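# Survey of secondary and tertiary structure
Residues per chain, in single letters:
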Amino acid sequence: MCSTSRLAPLMLIGLLAGCSAPSAQPAQTSRQQPAAAANPITVDSTEEQIRQAVGTARVGRKLTPKVWPNGARMAVCLSFDVDNELLQRANPLPVPLSVGEYGATTSLPRILELLDRHGVPATFFIPAMGVMLHPEMVPAIVARGRHEIGVHGWIHEFWPAIGDTAKEQRLLAQSIEYLTKATGKRPAGVRAPSSGFGPQTFDLIRKAGFLYDSSLLAADEPYEITSNGQPSGVIELPISEVGNDYVYYGETANGSLPSPDAVFEIYKAEFDLAFQERTMFILTQHPHVGGRRSRIVQLDRLITYMKSRKDVWFATMEQVATYVKQQRS
Ligand SMILES: [Zn+2]
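Residues numbered from 1 in each chain as written. Predicted model: local features only at pLDDT ≥ 70, side-chain atom pairs only at ≥ 80, totals over all residues. Heavy atoms only, no water.

### Overview of the pairing of strand β9 (residues 280–285)
Across the six residues of β9, six count as buried, placing the element largely inside the fold. The two faces of β9 match: M280, I282 and T284 on one face and F281, L283 and Q285 on the other face are all buried. Across six bridges, strand β2 (residues 74–81) lies against β9 in parallel orientation. Within β9, the position partnered with S79 by the bridge is T284. (Buried < 20%, exposed > 50% of the residue type's maximum accessible area, 1.4 Å probe, protein only. Helix = DSSP H or I, 4+ residues; strand = E, 2+ residues; numbered from the N terminus. Pairing = 2+ DSSP bridges.)

Below, the structure written as C-alpha cells:
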C-alpha cells in the first residue's frame, strides 16, 4: 500500500500522452514544443498569412473509389500503434515502463492470435527502437504473411518539438532504414508519433517517398494531401479520435470510463455509418492499452460483427492506399 501510494505520482509524471490522441497533447507539447514551431494566426494576420498558416497539409481530392475490390461496400483497416515503453521516455522508471512492456509480452501475441482466428490483416506502426527492445515482435508479425509494418518514429519522438529540420529528416531516414532491415521491406506508410506534425514534417514525408500517411484527421475517407495549394501525390488514410482506444482507456482517461461495452457500441456505430457511406473505417489501437483482457474481448466482438456484414474488404493500409491511388480518375 505504502509503496504504491509513493509510486502513483511518479507514474503520473512518467506517463506521457498517448499515441494518436491530439487532445491529450497539451501536457506534452507545453514542455516540448518550441514557441516558434509555427506562425500563429492572430487578429492582425492577413488573408494570405492565414491561408499559408493552415496550408501545409490539407484535404485535396477525395479518393473513395466507385467500387471497392471484390464488390465490397467499404474497406476496414485495423491499425495498431505499438508504442509500448516508449511512451515513458520522460521518466523511464520500472513501473510505468512495465505498463508499456505488457504491450509486447502479452498484448501483441494476443492480438496476432485474434487476427489469425479471423483471418484478417492489420497494419502495425512501430517505433524503430521499439523493434530493438522487443526483437521478437517483427518476426511474429511478418510470419503471418498478411500484415503490414509502418514507420512510427525512432523513439516515438514528438516531431514538432525537434525544431531542426535536418535532424527531423535524419530521424525519419534512420527509422525507415531500421524497419527496412528488420522487416525485409521498405515501409510504404507512416503515422506520426502522437500525431505530431511540425511545419516541415509533411514535406519530409513527401520527399521520403511514402505512398501514404495516416496521421491527419480531416475526413472519414481517403484523400490526396494538398500542400500549399498543390496536390502532393501522397495519400492520406485519416484516423479519428473516436476510433482510438487511447481516448477511452489511456492514461489521460485514467482507464475508468466508458466500459468496453460502451466502446464497442461507439466503434460499431462508426463502422455502420461507414458501411452506409461506402467509404472506410480505420480503427486505431495501442496494444498495451487495447490489448487488455476485457478490451480485446470487445475487439473480437467488433471484428466478428464487421465480418458478419459480408461485403467488407479487410485490408492493410498499404493495400487500401495502393488501390485508391490506382482508381483515382
Ligand atoms: Zn504512437
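Structure shown, so let's carry the discussion forward.
### Examining the pattern of salt bridges
Using the criterion set out here, one finds 17 salt bridges in the structure. Measuring nitrogen to oxygen at the nearest pair gives 2.7 Å for the salt bridge that ties D81 to R191. One end of the pair, D81, is in strand β2; the other, R191, is in the loop between β5 (189–190) and α8 (201–207), with 110 residues separating them in the sequence. In terms of burial, D81 and R191 fall into one category: buried. With a closest N to O distance of 3.9 Å, E265 and R301 form a salt bridge. (Salt bridge = Lys/Arg side-chain N within 4 Å of Asp/Glu carboxyl O.)

### Points about the nonpolar core
By size, the foremost hydrophobic cluster in this structure holds 51 residues, and its most contacted members are L78, F124, F281 and M306. With near-sequence residues (within four places) excluded, L78 lies in contact with L115, V120, P121, A122, T123, L283, I303 and M306. Counting residues in each nonpolar core, the second largest holds 21 residues, with A188, L211, L237 and A315 among its members. (Core = buried A, V, L, I, M, F, W, Y, C linked by side-chain atoms within 4.5 Å. Contact = heavy atoms within 4.5 Å.)

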